[in-house]
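The chain contents come next:
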Amino acid sequence: MSLTLAIVGRPNVGKSTLFNRLVGKRLALVDDQPGVTRDLREGDARLGDLRFTVIDTAGLEEATDESLQGRMRKLTERAVEMADVCLFVVDARTGITPTDEVFAEILRRKSARVILAANKAEGRAADAGVIEAYGLGLGEPIRMSAEHGEGLSELLAELQPLA
Ligand code: GDP
Ligand code: MG
C-alpha cells in the first residue's frame, strides 16, 4: 500500500506548481468522472527515493464567488478522505487569510494528518507570513518555494516515517 498525499489550500497558493514539481511527467490518466472527483488530479510522485501518490485539488479557480466556498469545502473533504496525509499550503507572501482559516477548520474537523507548508517563501518578503503560519495551530510550517524547489527535503523528511 503506497502513501497518498493530498495538496490542499485556497486558490493561488501554489498547489499545482508543487504538484507538477512532484509528478513531473508521471501524470496519471484520470477517467472523466462526474462531480467533484473530476477536479482532483492524481499523479505518481517521486521525492528522493520515496514514491507516493499525490492529489491536487484543482478546478477551484473557475468557480464563481458564491459557489467557491461550498466547492472548496466539498473538494477538500473528498481529498482528505482519499489521502493518508494532507499538505496544507498557504502563501507566505500574502500571509494567513480568513479563507486559510476555513481550510484549517476543515482539516481539524476531519482529524486529518496535516503537514503545513508556507509556500512562496524564497526571500525575506515571506518571513512575516511564515511566522503567521505558526498561528494556525497546525504545527511548524515547512518553509517552501514550489517554484524554486525549496523545502522539498523537509517535506521528504516528514513523509518518510509515514510511508
Ligand atoms: P494553485 O491555485 O494553488 O494551484 O496555485 P498555482 O500553482 O497555480 O500558482 C499560483 C501562482 O503562484 C502562479 O503564478 C505561480 O507561478 C505562483 N507560485 C507558485 N509557487 C510559487 C513560489 O514558490 N514562489 C512564488 N514567488 N510564486 C509561486
Ligand atoms: Mg491549481
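All values reported here derive from a predicted model rather than from experimental measurement.

Okay, the sheet that holds strand 5 (residues 114-119) next. Strand order in the open sheet formed by 6 strands is 2-3-1-4-5-6, and the pairing between neighbours is mixed. Looking at strand neighbours, the two that pair on one side only are strand 2 (40-47) and strand 6 (142-143), the edges of this open sheet. Across 8 bridges, strand 2 lies against strand 3 (residues 50-57) in antiparallel orientation. Across the sheet, Leu40 pairs through a bridge with Thr57, a residue of strand 3. Relative to the sheet, helix 1 (residues 15-23) contacts strand 1 (4-8), strand 2, strand 3 and strand 4 (85-91), its axis offset from that of strand 2 by approximately 50°. Here helix 3 (residues 98-109) sits on the sheet and contacts strand 1, strand 4 and strand 5; the angle it forms with strand 4, its principal contact strand, is near 170°.

What follows covers the site of ligand 1. Taken together, 16 residues form the shell around ligand 1, and within it Asn12, Lys15, Thr17, Glu122 and Glu147 come nearest. Contacts to ligand 1 include Ser16, whose backbone N or O atom sits 2.9 Å from an oxygen atom. Within the contact set of ligand 1, a nitrogen atom lies 2.7 Å away from a side-chain nitrogen or oxygen of Glu122. Burial of ligand 1 by the surrounding chains reaches 75%, relative to a free accessible area of 590 Å². For the shell around ligand 1, the residue count by class is 3 nonpolar, 6 polar and 7 charged.

Two side chains with opposite charge may pair up if their charged atoms get near one another. Under the definition given, this model contains 10 salt bridges. Close ionic contact of Arg10 with Asp100 constitutes a salt bridge, the shortest N to O distance being 3.1 Å. With Arg10 in the loop between strand 1 and helix 1 and Asp100 in helix 3, the pair connects residues that are 90 residues apart, well separated along the chain. As a salt-bridge pair, Glu77 and Arg109 come within 3.0 Å of each other at their nearest N and O atoms. One end of the pair, Glu77, is in helix 2 (residues 65-82); the other, Arg109, is in helix 3, with 32 residues separating them in the sequence.

Cut-offs applied
Residues numbered from 1 in each chain as written. Chains lettered and ligands numbered in written order. Predicted model: local features only at pLDDT ≥ 70, side-chain atom pairs only at ≥ 80, totals over all residues. Heavy atoms only, no water. Pairing = 2+ DSSP bridges. Helix = DSSP H or I, 4+ residues; strand = E, 2+ residues; numbered from the N terminus. Contact = heavy atoms within 4.5 Å. Axes fitted to C-alpha atoms, helices over the stretch in contact; angles between N-to-C directions. Near = heavy atom within 4 Å. Polar contact = N/O pair within 3.5 Å; in protein donor to acceptor, adjacent residues only side chain to side chain. Areas by Shrake-Rupley, 256 points an atom, 1.4 Å probe, with all protein chains shown as cover. Nonpolar A, V, L, I, M, F, W, Y, C, P; charged D, E, K, R; others polar. Salt bridge = Lys/Arg side-chain N within 4 Å of Asp/Glu carboxyl O.

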